[in-house]
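Residue-level listing of the chains:
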Amino acid sequence: MLAVPRLGSTRESCDAFLVSFTSLTFDIFASIDGIPAEDLLTDIRRNALFPFLFTRALLPKLRRVSGPVEIVYCGSLSSSLPIPRIIPYGATKAFLRQLSASLGADEKFRPAGKPNVSTLYMDIGSVATVAHPKASSFATPAAEVFGKHFVHCIGCGLPSIMPYWPHAILRGLVDVLPESTLLSTPFKAMDEELAMSKKN
């Protein structure tokens, strides 16, 4: 749990419960028909079913907290961008997006008093981390830089947000660029990922 200021007009404090599960057990050099079904199911269980059931188990306890609580789901631009070779990953992140939105609406629908549980889906692009060793840049911030943007957005009152604004620019281009131009960017990014994997 993180105790952070809520960014609304009252700036009251809230507890944030972070739900982030990322697992890629399959070979990114293969398409889904070349990956064993059990490997695909493992990723779906870890990235979608586990956070779903984990949230279900914790929800009664979170409702009993005296103050406001926000469940933060770590998403990915791959939930809405057509990125090759990580189909299960993007699909499970899209699942988390819908889980967050529907759960947030369901808590507001609860008839017994004012709901204290809210949800926030963080749409995240490329970040330079130990697990994702890339040189930091305008579009790929260092983990420390991104972390400050991330924490700042908790309690913003929105159902979803892109905490790092250059990622929001990239997402905005999806709606205006033709498909041929749009696909060139994730294709180039995946070529770089494949080249980096070969070196490792």
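This is a predicted model, so every value here is computed, not measured. Throughout, a residue's number is its position along its own chain's written sequence, starting from 1. Where totals are concerned, whole chains, interfaces and linings use all residues; where local detail is concerned, this predicted model gives features only for residues with pLDDT of at least 70, and gives and counts side-chain atom pairs only at 80 or more. Computation of side-chain values covers all heavy atoms of the structure but excludes hydrogens and water.

### Some points on the pattern of salt bridges
When a carboxyl oxygen of Asp or Glu is within 4 Å of a side-chain nitrogen of Lys or Arg, the pair counts as a salt bridge. All chains considered together, the criterion is met by three salt bridges. For Glu107, the salt bridge goes to Arg63, with nearest N and O atoms at 2.7 Å. A residue pair is termed long-range when its members are at least 10 positions apart, and Glu107 in helix α2 (residues 87-109) and Arg63 in helix α1 (residues 37-63) qualify at 44 residues. Relative accessibility thresholds used throughout: buried, under 20% of the residue-type maximum; exposed, over 50%; partly exposed, between the two (1.4 Å probe, protein chains only). Overall, Glu107 belongs to the buried group, its relative accessible area being 1%. Here Arg97 and Asp123 are joined by a salt bridge, their closest N and O atoms 2.8 Å apart. You can see Arg97 sitting in helix α2 and its partner Asp123 sitting in the loop between β4 (117-122) and α3 (143-153), a full 26 residues away along the chain. Under the DSSP-based scheme used, a helix requires at least four consecutive residues in state H or I and a strand at least two consecutive residues in state E, with every element numbered from the N terminus.

### Some remarks on α2
Since there are 3.6 residues in each turn of an α-helix, residues three or four apart along the chain are aligned in direction. Every helix has an expected span of 1.5 Å times one less than the residues it contains. Between the first and last C-alpha of α2 there are 33 Å, a value that for 23 residues agrees with the 33 Å anticipated at 1.5 Å per step. Considered for burial, the residues of α2 that qualify are Pro88, Tyr89, Gly90, Thr92, Lys93, Leu96, Leu99, Ser100, Leu103, Gly104 and Glu107. In this analysis, two residues are considered to be in contact whenever any of their non-hydrogen atoms come within 4.5 Å of each other. Looking at the buried side of α2, the elements it contacts are α1, β3 (69-74) and β4.

### Description of a nonpolar patch on the surface
Residues Phe138, Trp165, Ile169, Leu170, Leu173, Val176 and Leu177 make up a contiguous nonpolar surface patch of roughly 660 Å² in combined accessible area. The residue Val176 is located in the loop between α4 (165-173) and α5 (179-199) in this model. A relative accessible area of 61% places Val176 in the exposed class. What makes a patch is a set of residues exposed beyond 30% relative accessible area and free of salt bridges, joined within 9 Å when like-charged and within 5 Å when nonpolar (Val, Leu, Ile, Met, Phe, Trp, Tyr). Note on areas: Shrake-Rupley, 1.4 Å probe, and residue coverage restricted to the protein chains presented here.

### Quick look at the nonpolar core
In this description, a nonpolar core means a group of buried Ala, Val, Leu, Ile, Met, Phe, Trp, Tyr and Cys residues linked to one another through side-chain atoms lying within 4.5 Å. Core analysis: the biggest nonpolar cluster contains twelve residues, these being Val72, Cys74, Leu120, Met122, Ile124, Val127, Phe146, Phe150, Cys153, Ile154, Ile161 and Tyr164. Mapped by element, the contributors of at least two residues to this core are β3, β4 and α3. Ranked by the residues each element gives to this core, the list is headed by α3, at three residues. Apart from the residues lying within four places of it in its own chain, the contact partners of Tyr164 are Ser137, Phe138, Ala139, Pro141, Phe146 and His149. If you look at the next biggest cluster of nonpolar residues, it comprises ten residues, including Leu59, Leu96, Leu103 and Tyr121.

### Observations regarding the environment of Cys153
Tracing the sequence through the fold places Cys153 in helix α3. Take Cys153: its relative accessible area is 7%, and that puts it in the buried class. Along the primary structure Cys153 and Met122 are separated by 31 residues, whereas in three dimensions their C-alpha atoms are 8.7 Å apart.

### A closer look at the packing of α1 against α2
Contact geometry of α1 with α2 gives a least axis separation of 9 Å together with a crossing angle of 15°. The angle between α1 and α2 places the two elements in the roughly parallel class. Both α1 and α2 take part in a crossing whose hand is right-handed. Between α1 and α2, the residues in contact are Leu40, Asp43, Ile44, Asn47, Ala48, Pro51, Phe52, Thr55, Leu59 and Arg63 and Pro88, Tyr89, Thr92, Phe95, Leu96, Leu99, Leu103 and Glu107, respectively. When its residues are assigned to classes, the contact of α1 with α2 shows twelve nonpolar, three polar and three charged. Inter-axis angles, ranging from 0 to 180 degrees, are taken between N-to-C directions of lines fitted to C-alpha atoms, where helices are fitted over the stretch in contact. Our angle categories are set so that under 35 degrees counts as roughly parallel, over 145 as roughly antiparallel, 65 to 115 as roughly perpendicular, and the remainder as oblique. Put simply, a crossing is left-handed when the front helix is turned counterclockwise from the back one by less than a right angle, and right-handed when it is turned clockwise. When residues are sorted by character, Ala, Val, Leu, Ile, Met, Phe, Trp, Tyr, Cys and Pro go into the nonpolar class, Asp, Glu, Lys and Arg into the charged class, and all the rest, Gly among them, into the polar class.

### Observations concerning the pairing of β4
Most of β4 sits inside the fold, with five of its six residues counted as buried. Alignment of β3 against β4, held across six bridges, turns out to be parallel. Its bridge partner being in β4, Cys74 is matched across the sheet by Met122. Here β4 runs beside strand β5 (residues 160-161); their pairing, made up of two bridges, is parallel. Across the sheet, Tyr121 pairs through a bridge with Ser160, a residue of β5. DSSP-based pairing: two strands are paired if at least 2 bridges between them are found.

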